[in-house]
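Close look at the chain arrangement
Next come the chains, spelled out residue by residue.
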Amino acid sequence: MSRPLRIVMLGPPGSGKGTRAHIISELYGIPVITTGDMLREAVAKGTEYGKIAGGYMSRGELVPDEIVNGVVGERLSMSDLENGFILDGFPRSAPQAEFLDSFLEEHGLKLDHVIYVTLDDEAIVKRLSNRRSCPSCGEVYHLVSMPPKKEGVCDKCGSELVLRDDDRPSVIRNRLEVYREKTQPLLKKYRDKGLMREVPGDYPLDQLQEQLKRILG
Ligand SMILES: [Zn+2]
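Residues numbered from 1 in each chain as written. Predicted model: local features only at pLDDT ≥ 70, side-chain atom pairs only at ≥ 80, totals over all residues. Heavy atoms only, no water.

Bringing the sheet that holds strand β2 (residues 32–34) into the picture now. Taken together, the five strands give an open sheet; going across it, the order is β2-β3-β1-β4-β7, and neighbouring strands pair in parallel fashion. What marks the edges here is a single partner per strand, and that holds for β2 and β7 (196–200). Adjacent strand axes in the sheet meet at a mean angle of 25 degrees when their direction is disregarded. In this structure, strand β4 (residues 113–118) lies alongside β7, joined through five bridges in parallel fashion. Among the inter-strand pairings, V117 is bridged to a residue of β7, identified as V199. (Pairing = 2+ DSSP bridges. Helix = DSSP H or I, 4+ residues; strand = E, 2+ residues; numbered from the N terminus. Axes fitted to C-alpha atoms, helices over the stretch in contact; angles between N-to-C directions.)

Here the zinc ion is held by the protein donor atoms C134 (SG), C137 (SG), C154 (SG) and C157 (SG), which lie 2.3 Å from it. Seen from the zinc ion, its four donor atoms lie at angles of 99 to 121 degrees, and the figure they make is tetrahedral. Here the donor residues of the zinc ion are spaced in sequence according to C-x2-C-x16-C-x2-C. One end of the pair, C134, is in the loop between β5 (131–133) and β6 (140–142); the other, C157, is in the loop between β6 and α7 (169–183), with 23 residues separating them in the sequence. Among the residues examined, C134 registers a relative accessible area of 4% and is labelled buried. (Donors = N, O, S within 2.8 Å, 3.2 Å for Na, K, Ca; no water. Tetrahedral: all angles 85-135°; square planar, octahedral: opposite > 155°, others 65-115°. Buried < 20%, exposed > 50% of the residue type's maximum accessible area, 1.4 Å probe, protein only.)

In the structure shown here, the tally under the stated rule is one aromatic pair. Geometrically, the ring pair formed by F99 and F103 is tilted, given 6.0 Å between the ring centres and 40 degrees between the ring planes. One end of the pair is F99 and the other is F103, both in helix α5 (residues 94–106) and four residues apart, which spans about a single turn. The exposure class assigned to F103 is buried, which follows from its relative accessible area of 7%. It is R59 that lies over the ring of Y56; its NZ or CZ is 5.2 Å from the centre. (Phe/Tyr/Trp six-rings, centres within 6.5 Å; stacked < 30°, edge-to-face > 60°. Lys NZ or Arg CZ within 6 Å of the ring centre and 35° of its normal.)

What follows is the structure in structure tokens.
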């Protein structure tokens, strides 16, 4: 068994972080954990922080940093992460990054890489607004690069595909603003620590495996 690998994925929404996280996960056999999944699991299991987070979520409110941090702490303490993890969508703000630092330090762990996926705003808007999602099974399509076999219909379950509100151009621009304000300041921190590995978000898909292997060694 090789040594554990602990990775944080950073980059604007739509840059391709998730795609890369899943490739790394398959290459090295370590789980991808996303903030959304962690929150849903914690709520479903009724953990201490899950109960509090669930209250915010059921009211449609943003879950505050300290509650998200609590959920992440519960998740990172589980035993399936001995070989490492890939965090996708966390940390997203300075308080979250500080929490991650102190959690890892307390447990005698360290981050190995922060993979920063870059893509310019116009390319992001174009990419996300061409995305179509299945409201039933969650499958995601792309009108240009990964269209469904039958227009507007999910290949897997036959439901009608939708453009999620999150993927509408005006909403995407808002999400990019929030990213610039809250998440972008973390780049300097990780650059100063020498952890930052910057990769272009428009790198050819069929060469991603090789590229990521090169970076991660
Ligand atoms: Zn479906």
